[in-house]
Amino acid sequence: MRFIEGKGVSKGVASGPICFFQRSSATITDAPAADIEVEKARIAAAQEKSAAQLNALADKARAEAGDETAILFETHALFVEDEDYVECIMNELEAEQCNIEHAVQTAGIQFAEMFANMDDAYMQGRAADVRDISERLLGILGNTQSSTEVLKEPVVIAAEDLAPSETVQFEKDKLLAIVTRQGSANSHTAILARTMDIPAVIQADMVLDPEYDGKYVIVDGFTGEIYVDPDEETRKRMEEKMAECMAEKELLQEQKGKEDVTLDGKPLKLYANIGNPSDVANVLKNDARGIGLFRSEFLYLESSDFPTEEDQFKAYKAVAENMAGKKVIIRTLDIGADKTVDYFNLDKEENPAMGYRAIRICLKQPEIFKTQLRALYRASNYGQIAIMFPMITSVEEVRKIKEIVEEVKQELTELSVPFKEVELGVMIETPAAVMVSDELAEEVDFFSI
């Protein structure tokens, strides 16, 4: 038996034959280009093909892992044509008069290093996304794209690292677990593994030796432990742990349809969080009593311009109707920090997490805020909606919000647009909100802590 230690990033235990995933790669040189215009045409064709592939992956991800994962690949498709990224490629091409592969590789390295050197762990994780996008373009240009269609049976995939696009291309029913030598807990691949409920271990202290290909392994995503050709005692212990995990999942399934109540008889309501109207299907499937957080910013992240009142109304109305009277708490726009939207034209900040974001944007740009509030109040007529405001830091902010809410209600009344009175709540997520929470409690109907 060989014991390998790593870092578990997606819980669960799985066993089966190990399969080493090797990327195809071409040797890239800085040889001069025979014709720069030909190279420009090549990258334009590669961009088009890359975007089509990524949008197809988004469709696959939406079916297997939900909308938030699909948005990742849609964002990748947009980044392929990002102005700064493309400009960097073209500048390298013109300055060095090199082949387009060398220009793409250089631009990819520069952008990946820029993200890797940021202080924020989430932004550091985006370096892997940039490398993924660049590798896809290089694979198309050199006709060396890696294929994941070689799995004949369920396996544990081992690799130096895995890009999210590579992970989602594997057939889900043949992917038992993921083991990589590199990676981070904040990478989209780790997030994707958790979403797909696949055990995953990163930073594994192992050599990708073909000698181990096909050997039986057990992967513990809880502890990060990997056993190659485990002895009988280890196998028995881990099989018992697998059985416990399976029993827990089955127990959760058995709870569907039953009352939410604690062991000592106290009733409560178990709600779900969503990021898109299509997530409602899973909310109902898993028997949630309502929606505790609907992240409305997906409407802004998916749009190339400010979403209209009508677009927002349709989304909120669909969720309210589908929940059939169960409570739906919708959080107003929370853009800023790592959730950037180009058309907001937000300035770069040293500490964006606590800077100009969320409710501060809404209060500074009240027309954006009013558009969303009008859509929310119109949708309130079709279900049980509550509205929650994020990143609150003072009582004065809440009072200003309530003034704007009253203005919106007055506008709708004057236009004879039907709506219901809704509960208003705030997120307690800043130190300032904690310190004045007793005063905030006098102003709103509920907290989300």
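Above this text you will find the structure in question.
Rules behind the numbers
Residues numbered from 1 in each chain as written. Predicted model: local features only at pLDDT ≥ 70, side-chain atom pairs only at ≥ 80, totals over all residues. Heavy atoms only, no water. Pairing = 2+ DSSP bridges. Helix = DSSP H or I, 4+ residues; strand = E, 2+ residues; numbered from the N terminus. Axes fitted to C-alpha atoms, helices over the stretch in contact; angles between N-to-C directions. Contact = heavy atoms within 4.5 Å. Buried < 20%, exposed > 50% of the residue type's maximum accessible area, 1.4 Å probe, protein only. Right-handed = clockwise from strand over helix to strand, strands pointing away. Core = buried A, V, L, I, M, F, W, Y, C linked by side-chain atoms within 4.5 Å. Phe/Tyr/Trp six-rings, centres within 6.5 Å; stacked < 30°, edge-to-face > 60°. Left-handed = near helix turned anticlockwise from the far one by under 90°. Nonpolar A, V, L, I, M, F, W, Y, C, P; charged D, E, K, R; others polar. Patch = residues over 30% accessible without salt bridge, like charges linked within 9 Å, V, L, I, M, F, W, Y side chains within 5 Å. Areas by Shrake-Rupley, 256 points an atom, 1.4 Å probe, with all protein chains shown as cover. Salt bridge = Lys/Arg side-chain N within 4 Å of Asp/Glu carboxyl O. Lys, Arg positive; Asp, Glu negative; His and termini not counted. Charge placed at Lys NZ, Arg CZ, Asp CG, Glu CD. Parallel < 35°, antiparallel > 145°, perpendicular 65-115°, else oblique. Polar contact = N/O pair within 3.5 Å; in protein donor to acceptor, adjacent residues only side chain to side chain.

Let's shift gears to the sheet that holds strand 1 (residues 2–5). Strand order in the open sheet formed by 8 strands is 1-8-7-3-4-5-6-2, and the pairing between neighbours is mixed. Only two strands of the sheet have a single partner each, and these edge strands are strand 1 and strand 2 (7–10). Each adjacent strand pair in this sheet contributes to an overall mean axis angle of 30°, direction not counted. Relative to strand 8 (residues 225–228), strand 7 (residues 216–220) runs antiparallel, the two being bridged by 4 bridges. If you follow Ile218 over to strand 8, its bridge partner there is Tyr227. Against the sheet, helix 7 (residues 188–195) engages strand 2, strand 5 (175–180) and strand 6 (200–202), with an angle of about 60° to strand 2. Most of the contacts of helix 8 (residues 232–254) go to strand 3 (residues 13–20), to which it runs at about 115°, and overall it touches strand 3, strand 7 and strand 8.

Across the 5 residues of strand 10 (residues 291–295), 4 count as buried, placing the element largely inside the fold. Taken together, strand 9 (residues 272–274), helix 9 (residues 280–285) and strand 10 form a β-α-β motif whose crossover is right-handed. Taken together, the 3 bridges between strand 10 and strand 11 (residues 327–331) define a ladder with parallel strand orientation. Pairing of Phe294 across the sheet is with Ile330, part of strand 11.

If you look at the biggest cluster of nonpolar residues, it comprises 54 residues, and the most contacted ones within it are Phe73, Tyr85, Ile100, Val104 and Ile157. Counting residues per element, this core draws most heavily on helix 1 (residues 36–65), at 9 residues. Those residues within four positions of Val104 in sequence are excluded, and the remaining contacts are Ile43, Tyr85, Ile89, Ser134, Leu137, Leu138 and Leu141. Counting residues in hydrophobic clusters, the runner-up holds 46 residues, among them Val283, Ala288, Tyr316 and Val405.

Inspection of every chain in the model, using the stated rule, returns 9 aromatic pairs. Judged by centre distance (5.7 Å) and plane angle (75°), the rings of Phe21 and Phe170 are edge-to-face. You can see Phe21 sitting in the loop between strand 3 and helix 1 and its partner Phe170 sitting in the loop between helix 6 (164–169) and strand 5, a full 149 residues away along the chain. This pair shows no difference in class: Phe21 is buried, exactly as Phe170 is.

The 6 strands are arranged 9-10-11-12-13-14 in an open sheet whose pairing can be described as parallel. Among the strands making up the open sheet, the edge pair consists of strand 9 and strand 14 (446–448). Strand-to-strand twist of the sheet, defined as the mean angle between neighbouring strand axes without regard to direction, takes the value 30°. Note: strand 12 (residues 384–389) against strand 13 (residues 423–427), 4 bridges, orientation parallel. Paired with Phe389 across the bridge in strand 13 is Val426. Packing against the sheet, helix 13 (residues 366–379) makes contact with strand 11, strand 12 and strand 13, and its axis sits at approximately 155° to strand 12.

Once that is clear, we can look at the packing of helix 11 (residues 309–322) against helix 13. Look at helix 11 against helix 13: their axes get within 8 Å of each other, and the N-to-C directions meet at 35°. Helix 13 is crossed by helix 11, and the crossing has right-handed handedness. Each of Glu309, Glu310, Gln312, Phe313, Tyr316, Lys317 and Ala320 in helix 11 lies in contact with helix 13, whose residues at this interface are Thr371, Gln372, Arg374, Ala375, Leu376, Arg378 and Ala379. Here the residues of the contact of helix 11 with helix 13 are counted per class, giving 6 nonpolar, 3 polar and 5 charged.

Where like charges cluster on the molecular surface, the negative patch consists of Asp231, Glu232, Glu233, Glu239, Glu240 and Glu244. Relative to the assigned elements, Glu233 resides in helix 8. Taking the relative accessible area as the measure of exposure, Glu233 reaches 68% and is therefore exposed.

Turning next to the pattern of salt bridges. With the rule as written, the count across this model stands at 28 salt bridges. Its salt-bridge partner being Glu443, residue Lys402 comes within 3.0 Å of it at the nearest N-O pair. Of this pair, Lys402 sits in helix 14 (residues 395–414) while Glu443 sits in the loop between helix 16 (437–441) and strand 14, and the two are 41 residues apart along the sequence. You can call Glu443 buried: its relative accessible area is 18%.

In contact at an axis separation of 8 Å, helix 3 (residues 83–96) and helix 4 (residues 100–116) are set at 130° when each is read in the N-to-C sense. Comparing their axes, helix 4 and helix 3 come out oblique. The two elements helix 3 and helix 4 cross, and the hand of that crossing is right-handed. Here Asp84, Tyr85, Cys88, Ile89, Glu92 and Leu93 of helix 3 come into contact with helix 4, specifically with Ile100, His102, Ala103, Val104, Thr106, Ala107, Gly108, Gln110 and Phe111. When its residues are assigned to classes, the contact of helix 3 with helix 4 shows 9 nonpolar, 4 polar and 2 charged.

Across 4 bridges, strand 1 lies against strand 8 in antiparallel orientation. Bridge pairing in strand 8 links Glu5 to Glu225.

A few words now on the side chain of Glu443. Separated by 3.0 Å, the side chains of Glu443 and Arg399 make a polar contact. With residues near it in sequence (within four places) discarded, Glu443 still touches Val395, Val398, Arg399 and Lys402.

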